Structure formats: C-alpha cells, structure tokens
Amino acid sequence: MKKILYLLLIISLVSCCKKAEDPPGDKVDSNDINVSILIDLSDRIDPKTNPNPTMEYFQRDIEYIKAIEKGFLNHIKTKRIITYNDQMQVFFNPEPSNPKINDFTKELKISFDQNTNKAYFNTVEKKYATLPSNIYQSAIKDGNYVGSDIWEFFKNKVNDYCIKEDHRNILFILTDGYMYHENSKFSEKTKTSYLTSKLVKSNNLTTSNFKTAFEKNNFGFVKANDNLNNLEVIVLGVNPEKGNPFEEAVIKEYWENWFKEMKIKKYQIKSADLPSNLEPIIVKAITGKN
C-alpha cells in the first residue's frame, strides 16, 4: 500500500513539474497589430509623366491609405480598451527633403493603448482624411521625386521600423512594382537590387515562356534580409509599362521570389486597380473580415 502511495506521489510531482516547465506557447498576440505603410515617392505619382484619365495614380494611393486606416480602426473597435496595444505609421526611403512632408508623416504615426479615449478615433480619421493628400500634393508640386530605395529599406530598416515584438506586423508597400535607386544599384551575377522595364527587356523576359528563362538564368532580386517570417507584406499599385503583355507577371515573379527567399510567409501583390475594388482586400488583410 505504501509503495502505491509513493508511486502516486511521484507521478503527481512529475506532472506538476512538467506543467510548470511547459512553454507558454506562441508569444505573438495576433490581436495586437503593427501596421506600416512604405510609400514610393518616385515620378510614378506624377500626373504629367504617368497620367491616367480614369483616376490618377497618386489619387489611388491616397484612397489605398484611407482603406488601410479603415481596416486598422475596424480592428481596434473589435477590442476592449484594456487590450489596446496597436500602432500604425508611414515611411519613405529616403526621406523627402521637403520638411512639410516629413511633418505630415510624423502626424500619421499613431498608437492605441489602454489610456486611449474614444475621441482619438475621430482624430485619426481626420488626419488620414487630409494628410495623405497633402503629402502627395506637396511632392508633386515640389517636382523633386526622390524615388524609393525599397531594397535598402528591407536590408537596413524593416526590422527596426516595421517589426514589433509580440505583434502581428503588416507592411503595405505603395509602388508601381519597379525598384530602383541610384544609391543601392548593384548586381550579383544575374540577380540585381533593382528592376526596371529596360532590365526586363535586356533579360529577354518578354515572351510567354519568361518563367522558364527566369528560372534557368536565376534572375531575381538580391536577397536583402534573412528571416522575415514575422512580417506580412501587401504590395499595392503594380503598374507595368505598356508594350510587353507579360511585364506585370514578370514584376510579380521578381517580388514573389524575393519574399520567399526572405522567408516572408504571407504576402499579396496587387495591381493599380481602382480603390473601390481593392478596399475589401485591404481591409480583410488587416482584420480578416470583409
């Protein structure tokens, strides 16, 4: 009888120790989100260089940003105030020389915590209703398009700027899909840190079998980061140059392979469609709901 009691006692102690040592599980709270928006301020937004009679591309960007803000606030509203722990911010790389644009960006950096009052929702809505338009109008009026060094952003800044521990991190990139900046233009064998329509042509990626040529020659972007599995990326505004019916597919091939090499598990790459078509996709990407 004593042996049985001792055995039960030992089993009980082992069981308690095992429970105490069990890992707490995944630390990331998917209900806490950190949303970043990286804007490509190259001449792609110039209505003179790249006009679109249906809806100018800079106007599409503005509406995309409003949709991101809508999805973000919708998510916050599903939470109890005591659980608020969410952020949203806008980035450029490099930063524009125009101080006004940088001031607007600072205003668009917002955060919610348990001390946030309900009036802050209206403040955020007002900021995102006006400031994005001010950014684009200032950039267009200035006419000094600094471009966007997206490759360098992923190499040196994305970890610090867009990834917050214990959060679900979502990065929206507003770009036409081409990647170029003179400060980080280089190649490693057949891979490059940039993508232009001229490069697509020189690599002979202009026919229906472009994927075969792509894989055979190991084309693509040079890997900029090693492990971004805690980052989700949504590219909005892909706008291929006319003349090559396969240009858009080639652009997406570059981006998809790049994301996979950097171990980004969740990503979407969307064309420069009308905001009314993309809004449900944008909102769902943030909230998981239509």
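Above this text sits the structure in question.
A brief report on the enclosed structure follows. Owing to the predicted nature of the structure, the values given are computational and were not obtained by experimental measurement.

Let us now look at empty space enclosed by the protein. As enumerated under the stated definition, the model contains two cavities of 30 Å³ or more in all. Along its surface, the largest cavity is lined by Leu41, Pro96, Ser97, Asn98, Ile101, Ala139, Asp142, Asn144, Tyr145 and Val146. Its residues assigned to classes, the lining of the largest cavity comprises six nonpolar, three polar and one charged. Here the second largest cavity is characterised by a volume of approximately 60 Å³. Forming the walls of the second largest cavity are Arg44, Tyr57, Arg60, Asp61, Tyr64, Asp176, Gly237, Asn239 and Ala272.

Here the focus is the pairing of strand β3 (residues 110-113). Of the two faces of β3, only the one carrying Ile110 and Phe112 is buried; Ser111 and Asp113 on the other face are not. Pairing geometry for strand β2 (residues 85-91) and β3, over four bridges, is antiparallel. Within β3, the position partnered with Gln87 by the bridge is Ser111.

Time to look at the sheet that holds strand β9 (residues 267-271). With mixed pairing, six strands are arranged side by side in an open sheet as β3-β2-β1-β4-β8-β9. Two strands in the sheet have a free side with no partner beyond their single neighbour: β3 and β9. Averaged over all adjacent pairs, the angle separating strand axes in this sheet is 10°, with direction ignored. Where strand β1 (residues 33-39) lies against β2, five bridges are found, and the strand directions are parallel. Bridge assignment links Ser36 to a residue of β2, and that residue is Gln89. Sheet strands in contact with helix α4 (residues 119-142) are β1, β2, β3 and β4 (168-174), and its direction is about 165° off that of β3.

Compared with an ideal rise of 1.5 Å per residue, which puts 24 residues at 34 Å, α4 spans 34 Å between its outermost C-alpha atoms and is within 8% of the ideal. Its axis deflected by about 25° at Tyr128, α4 carries its strongest bend there, up to four residues before the proline Pro132. Regarding α4, the residues found buried are Phe121, Val124, Lys127, Tyr128, Leu131, Pro132, Ile135, Tyr136, Ser138, Ala139 and Ile140. Looking at the buried side of α4, the elements it contacts are β1, α2 (57-77), β2, α3 (99-107), β3 and β4. Gly143 sits one or two positions beyond α4 and adopts a positive phi of about 70°.

Before going further, it helps to examine the pattern of salt bridges. Applying the stated rule across the entire model yields 14 salt bridges. The partner of Glu279 in a salt bridge is Lys70, and the shortest N-O contact between them spans 2.7 Å. Of this pair, Glu279 sits in helix α10 (residues 275-287) while Lys70 is found in helix α2, placing the two residues 209 residues apart along the sequence. The salt bridge involving Lys191 is made with Glu261; its shortest N-O contact spans 2.5 Å. In this pair, Lys191 sits in strand β6 (residues 191-192) while Glu261 sits in helix α9 (residues 247-261), placing the two residues 70 residues apart along the sequence. On the basis of relative accessible area, Lys191 is assigned to the buried category, the value being 14%. Taking relative accessible area as the criterion, Glu261 reaches 29% and is therefore assigned partly exposed.

What counts, and where the lines are drawn
Residues numbered from 1 in each chain as written. Predicted model: local features only at pLDDT ≥ 70, side-chain atom pairs only at ≥ 80, totals over all residues. Heavy atoms only, no water. 1 Å grid on protein atoms, 1.4 Å probe; cavity = no way out; pocket = protein on both sides within 12 Å on 5 of 7 lines; lining within 4 Å. Points joined across faces, edges and corners; volume = space filled by probe spheres on them. Nonpolar A, V, L, I, M, F, W, Y, C, P; charged D, E, K, R; others polar. Buried < 20%, exposed > 50% of the residue type's maximum accessible area, 1.4 Å probe, protein only. Helix = DSSP H or I, 4+ residues; strand = E, 2+ residues; numbered from the N terminus. Pairing = 2+ DSSP bridges. Axes fitted to C-alpha atoms, helices over the stretch in contact; angles between N-to-C directions. Contact = heavy atoms within 4.5 Å. Expected span 1.5 Å × (residues − 1). Bend = angle between axes of the 7 residues up to and from the residue. Salt bridge = Lys/Arg side-chain N within 4 Å of Asp/Glu carboxyl O.

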